[in-house]
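Remarks on the overall topology
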Amino acid sequence: MQEFKVLESTPILKIALSGEIDSGNADEFFDVFSAEYEKNPSDVVFECSKLEFIDSTTLGTFVKILKHVKSAGHAMKLTGLIPRLKKLFVICSLDTIMEIEG
């Protein structure tokens, strides 16, 4: 299963995430994001409705991406998180620094 799929690159960068993203593939996730973002820096949306599992490494990767995007004057949003995963962002107070929709 492909965990990262670029759905759109202009006018926003939209990446669909699926399956599991953890310490084993979080670096690859960041590399996929970085390669696409460098081609066309813009606002970023992660579509997460098929994302089933993340760990603390992945949470850290999202924060790293957020800092990168904000430093360039853009925004980041996560959409479609299942309740169990959304709860992780809330518990870690990450919902206060990044936009989480749905």
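Throughout what follows, the structure given in this document is the object of discussion. (Residues numbered from 1 in each chain as written. Predicted model: local features only at pLDDT ≥ 70, side-chain atom pairs only at ≥ 80, totals over all residues. Heavy atoms only, no water.)

**Thoughts on the sheet that holds strand 4 (residues 76-79)**
Applied cut-off: Here, a strand pair is defined by DSSP locating no fewer than two bridges between the strands. For helices the rule is a DSSP run of H or I covering at least 4 residues; for strands it is a run of E covering at least 2, with both sets numbered from the N terminus onward. Throughout, an axis means a line fitted to C-alpha atoms (over the contacting stretch in the case of helices), and angles, computed between N-to-C directions, take values from 0 to 180 degrees. We call two residues in contact when some of their heavy atoms are within 4.5 Å.
Taking strand neighbours across the sheet as the criterion, the five strands line up as 1-2-3-4-5 in an open arrangement whose pairing is mixed. Each of the sheet's edge strands pairs with one partner strand only, and the pair in question is strand 1 (4-8) and strand 5 (99-101). Across this sheet, the average inter-strand angle for adjacent strands is 25 degrees, counted without regard to direction. Of the pairings in the sheet, the one linking strand 3 (residues 44-54) to strand 4 comprises four bridges and is parallel in character. Across the sheet, the residue bridging to Phe46 is Leu78, located in strand 4. Each of strand 3, strand 4 and strand 5 touches helix 3 (residues 83-91); the most contacted strand, strand 3, lies at about 110 degrees to it.

**With respect to the environment of Ile100**
The condition that has to hold: Exposure classes here rest on a 1.4 Å probe applied to the protein chains alone. A residue is buried below 20% of its type maximum, exposed above 50%, and partly exposed in between.
Mapped onto the fold, Ile100 is located in strand 5. Given a relative accessible area of 18%, Ile100 falls into the buried group. Taking the C-alpha atoms as reference points, Ile100 and Lys86, separated by 14 residues in sequence, lie 8.0 Å from one another. For Ile100, the residues in contact, after removing those within four places along its chain, are Leu78, Leu81, Lys86, Phe89 and Asp95.

**Focus: the environment of Leu17**
Note that Leu17 resides in strand 2 (residues 13-21). In this structure the C-alpha to C-alpha distance between Leu17 and Phe4, which are 13 residues apart in sequence, comes to 4.9 Å. Apart from residues no more than four positions distant in its own chain, Leu17 is found in contact with Glu3, Phe4, Phe29, Phe46, Glu47, Cys48, Lys50, Leu51 and Phe62.

**Let's talk about the pattern of salt bridges**
Threshold: For this analysis, a salt bridge means a side-chain nitrogen from Lys or Arg found within 4 Å of a carboxyl oxygen belonging to Asp or Glu.
Per the counting criterion, the structure on display carries two salt bridges. For Lys39, the salt bridge is made with Glu36, and the minimal N-O distance between the two is 3.1 Å. Remark: Glu36 and Lys39 occur in helix 1 (residues 26-39); sequence separation between them is three residues, near one turn of the helix. Glu36 sits in the buried class, given a relative accessible area of 17%. With a closest N to O distance of 3.5 Å, Glu101 and Lys77 form a salt bridge. Here Lys77 lies in strand 4 and Glu101 lies in strand 5, a separation of 24 residues in the sequence. Using a relative accessible area of 21% as the deciding quantity, one classes Lys77 as partly exposed.

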